[in-house]
Amino acid sequence: MTIHVLVVDDSSFIRRAVTRMLAEEADISVVGEAAQGDEALRLVHARAPDVVTLDLKMPIVGGLDT
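Computed from a predicted model, the values in this text were never measured in an experiment. All residue numbers refer to position in the chain's written sequence, counted from 1. Side-chain atom pairs in this predicted model are given and counted only at pLDDT of 80 or more, local residue features only at pLDDT of at least 70, and totals for whole chains, interfaces and linings cover all residues. In computing side-chain values, all of the structure's heavy atoms are included and hydrogens and water are not.

1. Digging into unusual backbone geometry
Here A48, not a glycine, exhibits a phi torsion of approximately 50 degrees, which is positive. On the secondary structure map, A48 appears in the loop between helix 2 (37-47) and strand 3 (51-54). The exposure class of A48 is exposed, given its relative accessible area of 54%. To qualify as a helix, a DSSP run of H or I must reach at least 4 residues; to qualify as a strand, a run of E must reach at least 2; elements of each kind are numbered from the N terminus. Think of it in three bands: residues with accessible area under 20% of the maximum for their type are buried, residues over 50% are exposed, and the middle band is partly exposed, with areas taken using a 1.4 Å probe on protein chains only.

This is the structure in structure tokens:
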């Protein structure tokens with residue numbers, strides 16, 4: 001079974017790093033990346049990930065608000 005993950009962080013460096021680490025696992029697939037909470041919510045509805053990695057401090061819509 002493949003676990004589908006959405007990576008959410010306002011730092012593009014962190015998004016890439018987390019995505020690279022997750023890509024090393026055979027049973028994990030990154031289905032999307034978002035820089036803000038509102039974008040993440042749209043992707044959650046569009047891509048239906050099993051897991052969301054979420055930065056708590058982001059501009060506009062932060063992790064706790066998301």
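2. Thoughts on the side chain of T19
Relative to the helices and strands, T19 is located in helix 1 (residues 12-23). In protein, a polar contact means a hydrogen-donor-capable atom and an acceptor-capable atom, both N or O and within 3.5 Å, with residues adjacent in sequence counting only if both atoms are side-chain atoms; elsewhere, any N or O pair within 3.5 Å suffices. A polar atom in the side chain of T19 sits 2.8 Å from the backbone oxygen of R15. At 3.0 Å, the side chain of T19 and the side chain of E33 are in polar contact. Working rule for contacts: check all heavy atoms of both residues, and any pair within 4.5 Å makes them a contact. Beyond its immediate stretch of four places on either side in the chain, T19 contacts V7, V30 and E33.

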